[in-house]
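Chain by chain, the residues:
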Amino acid sequence: MNRSVHHPFALLLDKAQQQPEVAEGLAAAYSELNPTDRINLIRAIVNDALAGEIVCWPLLARFLALETDPAVAQTLLIALKDQPSCEQLFDDDRVWLCGDKKSGAAVVAFRLAEPFVEWFALSWRNKQVNWTYQKALGVANEFEHIITQLCAAAIEQKPSAVGLQWGLDQVCDVLWAHKRETGTMPEGLEGLAERLIC
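Residues numbered from 1 in each chain as written. Predicted model: local features only at pLDDT ≥ 70, side-chain atom pairs only at ≥ 80, totals over all residues. Heavy atoms only, no water.

### Observations concerning the nonpolar core
Nonpolar side chains in soluble globular proteins generally cluster together in the buried interior. Ile42, Leu60 and Phe63 are the most contacted members of the largest nonpolar core, which has 29 residues in total. Elements represented by at least two residues in this core include exactly helix H2 (8-18), helix H3 (20-31), helix H4 (35-52), helix H5 (57-66) and helix H6 (70-81). When neighbours within four sequence positions are excluded, Phe63 is seen to be in contact with Leu26, Ala27, Tyr30, Leu41, Ile42, Ile45 and Leu76. Membership of the second largest hydrophobic core comes to 19 residues, among which are Phe110, Leu122, Leu192 and Ala193. (Core = buried A, V, L, I, M, F, W, Y, C linked by side-chain atoms within 4.5 Å. Buried < 20%, exposed > 50% of the residue type's maximum accessible area, 1.4 Å probe, protein only. Helix = DSSP H or I, 4+ residues; strand = E, 2+ residues; numbered from the N terminus. Contact = heavy atoms within 4.5 Å.)

Right under this line is the structure:
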């Protein structure tokens, strides 16, 4: 059987696992489609992956990181939850940090019902937050994608994992410093401030 004929996405999935540029190209093409076509693409990828016994959750996680439509995001979340090889990067809340209280960056992940995660990320310079990211319902495997966005938008140094409570305390201090400087919490991080009781 010619797998490329009967399951056209199988070959692409194989390549996407081995070549990051192929995965990025697929994600870029996905983002240009309308919601109906994105759902059809997701279903086709899942079907071909199942038929070819190919892991597809890393590509679906990339799609989810780009998704803004609730219905399409729900389709992706259901597909990801059904993936038998959807390995988790961590089993508890986590914090990654770099820099200091004057300038730096952080990524915070709060575990939800498996396999979902609530993500927050931020960078700050001169005690003011200058970049934020928030995703209420994501998956653990989006970590590298978030770090890539953070490094491209704000910093060159990659945050490292730190102790949970210490890391949350540092992030809370950054949020308070920003509020003292500007009078408000950083836009998009109100939910994080509430969680930390800042």
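Now that the structure is up, let's keep going.
### Looking at the packing of H5 against H6
In contact at an axis separation of 10 Å, H5 and H6 are set at 155 degrees when each is read in the N-to-C sense. With respect to H6, the element H5 is oriented roughly antiparallel. Handedness of the crossing formed by H5 with H6: left-handed. Between H5 and H6, the contacting residues are Trp57, Leu60, Ala61, Phe63 and Leu64 on the first element and Ala73, Leu76, Leu77, Ala79 and Leu80 on the second. Residue classes in the contact of H5 with H6 are distributed as 10 nonpolar, no polar and no charged. (Axes fitted to C-alpha atoms, helices over the stretch in contact; angles between N-to-C directions. Parallel < 35°, antiparallel > 145°, perpendicular 65-115°, else oblique. Left-handed = near helix turned anticlockwise from the far one by under 90°. Nonpolar A, V, L, I, M, F, W, Y, C, P; charged D, E, K, R; others polar.)

### Quick word on the environment of Val174
Topologically, Val174 is positioned in helix H8 (residues 164-182). For Val174, a relative accessible area of 4% gives the class buried. Taking the C-alpha atoms as reference points, Val174 and Ser103, separated by 71 residues in sequence, lie 9.3 Å from one another. If near-sequence neighbours (up to four positions away) are discounted, Val174 is found in contact with Leu122, Trp124 and Val129.

Scope: geometric values only; no functional claims are made or implied.
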